[in-house]
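# Coordinate inspection notes
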Amino acid sequence: MESYEVDYCCFSVVVYVFNFVIVLCYSRAMNLIHKLMHLFLPPLILLTSSFTLSLVILFNFIYSFLRPALPIENMTGKVALITGASSGIGEHIAYEYAKKGASLVLVARRENSLREVARKAVQLGSPDVLAVPADVSKVHECKKFVEEAVNHFGRLDHLVCNAGIISFCAFEDITGIGNFTPLMDINFWGSIYTTSFAIPHLKKTKGKIIANASSSGWLISPTLSLYGASKAAVINFYERLRKELEPDVKVTIAALGFIESEMSQGKHLDNEGVVKVNQEMRDVSIGILPILSVGKCAESIVNKACRGERYVIEPPWFKVLILIQFLCPTLLEWAVHFLYVTKSGTPVTNARNKKILDAIGGKKFLYPSSILSSQIKKD
Ligand SMILES: NC(=O)c1ccc[n+]([C@@H]2O[C@H](COP(=O)([O-])OP(=O)(O)OC[C@H]3O[C@@H](n4cnc5c(N)ncnc54)[C@H](OP(=O)(O)O)[C@@H]3O)[C@@H](O)[C@H]2O)c1
């Protein structure tokens, strides 16, 4: 072997050993960093977050007293577009904007109900109301109604993405899974399409987007798994969008508990994916949780949106459930298991949530009388 070949071999071995030592040190260092983070980060975060959490709670407590005195956007001469305005929360949001003197664009599929809401909104003080029958799950219809709104009024100030549907059923009981895509098409895509076409107009007016999500986007809720997933997507999307649009356009996310509406009357997609009104399944899902009046909920949403608040949680005590979900999910899982989970082979209608509701006659004092009827608006 030539001497230069020997030198080359030695050099390669040295380089190889050097690399090996570097990689070894590097991976040891990486492991050490991970071990240190595992050891010190959780207690550090716990300590600092318990301190900041107490500050946040104190701030929110003081803020709740100051809120009524804070400046609120004057809606006179401004335009609000509300999807899902033919019934329930959307209908009452329309009335709240009307009382503030805003012009309205109302969207939903049931035309006659929409016109009835428009008529009442004018009586309450809205100078002009445009009722546009449309399906928010169809992208071209969303483009059309946003254009119609801007052509008619020349501006858009508030966009309320409220249209939605629900399904009350255990996932295992679903027999027509292919029929459940409307949950995402309406709840998620319906809001996204509308938002996408409205953003250029909202930027011109430094407007606001109000996304009506649901606390079930955060809280574990059996029988609402697909609905909850669609609302989790809504929350996640608008939290990111808020960062992209601020400060030009503000985003308010409503994460509601149970509210008086056609949904809480029991209108939902059944286990075959067909729209039905079934109050027994409603009782299983809502059970002993009190339902808030729709007027109070809509008033809070519109006032908080006009103040540019980031979240609306109604009824307010739901904040505690959300806090428990994040701080101690096991506690909530235990309560949910107790209330909802039935023995294998037993129908969900045997859930303790419904049994306790029936035993204490809870519907009389936990539910508004309007949702005891299974009659919903027909078109
Ligand atoms: N009620 C509650 O307890 C509760 C709790 C948390 C969150 N929410 C959310 O609040 C929103 C409003 O629901 P609600 O409780 O007021 O129930 P609701 O009375 O059933 O109202 C739903 C509204 O959405 C409209 N809608 C449904 N599908 C549509 C589509 N494809 N295109 C256009 N509009 C459509 C309905 O009108 P048409 O049928 O005429 O189209 C109706 O106006 C929903 O997003 C819901 O998820 C409700």
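Rules used throughout
- Residues numbered from 1 in each chain as written.
- Predicted model: local features only at pLDDT ≥ 70, side-chain atom pairs only at ≥ 80, totals over all residues.
- UniProt positions renumbered as here; feature names shortened; annotations may be inferred.
- Helix = DSSP H or I, 4+ residues; strand = E, 2+ residues; numbered from the N terminus.
- Buried ≥ 20, exposed ≤ 12 C-beta atoms within 10 Å, placed from the backbone.
- Core = buried A, V, L, I, M, F, W, Y, C linked by C-beta atoms within 7 Å.
- Contact = placed C-beta atoms within 7 Å.
- Axes fitted to C-alpha atoms, helices over the stretch in contact; angles between N-to-C directions.
- Parallel < 35°, antiparallel > 145°, perpendicular 65-115°, else oblique.
- Left-handed = near helix turned anticlockwise from the far one by under 90°.
- Nonpolar A, V, L, I, M, F, W, Y, C, P; charged D, E, K, R; others polar.
- Pairing = 2+ DSSP bridges.
- Near = placed C-beta within 6 Å.

Under an unreviewed UniProt entry, the name given to the protein chain is 11-beta-hydroxysteroid dehydrogenase 1B-like isoform X1, and the source organism is Nelumbo nucifera. Turning to the protein chain, the UniProt annotation filed under Subcellular location (unreviewed entry) states: "Membrane". Recorded under Sequence similarities (unreviewed entry), the UniProt text for the protein chain is reproduced unchanged: "Belongs to the short-chain dehydrogenases/reductases (SDR) family."

What follows deals with unusual backbone geometry. Cis geometry marks the peptide bond from Glu246 to Pro247, where omega comes out at 0 degrees. Within the element layout of this structure, Pro247 appears in the loop between α6 (225–245) and β6 (250–254). Here Glu314 and Pro315 are connected by a cis peptide whose omega angle stands at -10 degrees. Examined against the element boundaries, Pro315 turns out to sit in the loop between β9 (311–312) and α9 (318–327). One non-glycine residue, Lys206, adopts positive backbone phi at about 50 degrees. Mapped onto the secondary structure, Lys206 falls in the loop between α5 (181–205) and β5 (208–212). On the basis of neighbour count, Lys206 is assigned to the exposed category, with 12 C-beta atoms found within 10 Å.

Right, let's talk about the nonpolar core for a bit. Among the nonpolar cores identified, the biggest contains 70 residues, and Leu81, Ile82, Ala94, Leu104, Leu106, Val107 and Ala211 are the most heavily contacted of them. In this structure, Ala94 is in contact with Ile82, Ala85, Leu104, Leu106, Val117 and Ala121, ignoring residues within four places of it in sequence. Core analysis: the second largest hydrophobic core is formed by 16 residues, Leu224, Tyr340, Val348 and Ala351 among them.

Relative to each other, helix α4 (residues 139–153) and α5 sit at 30 degrees, their axes nearing to 8 Å. Relative to α5, the element α4 is oriented roughly parallel. Seen from above, α4 lies across α5 with right-handed handedness. On the side of α4, the interface is formed by Val139, Cys142, Lys143, Val146 and Val150, while α5 contributes Tyr193, Thr194, Phe197, Ala198 and His201. Its residues assigned to classes, the contact of α4 with α5 comprises seven nonpolar, two polar and one charged.

This brings us to the sheet that holds strand β3 (residues 129–133). If you trace the seven strands from one edge of the open sheet to the other, you get β3-β2-β1-β4-β5-β6-β9, paired in parallel fashion. In this open sheet, the two strands that pair with only one neighbour each are β3 and β9. As paired strands, strand β2 (residues 103–108) and β3 are joined by five bridges and run parallel to one another. By the bridge assignment, Ala108 is partnered in β3 with Pro133.

Below, the discussion takes up the UniProt feature "transmembrane region" (unreviewed entry) in the protein chain. The positions UniProt marks with the feature "transmembrane region" (unreviewed entry) are residues 6–27 and 39–66. The straight-line gap between the two end C-alpha atoms of residues 39–66 is 42 Å; of that span, 100% is helix and 0% is strand.

The immediate surroundings of the ligand are formed by 31 residues, with Gly84, Gly88, Arg109, Gly164 and Ser261 found nearest. Per element, the largest residue contribution to the shell around the ligand is three residues, and it comes from helix α2 (residues 88–99). Taken together, the residues of the shell around the ligand break down into twelve nonpolar, 14 polar and five charged.

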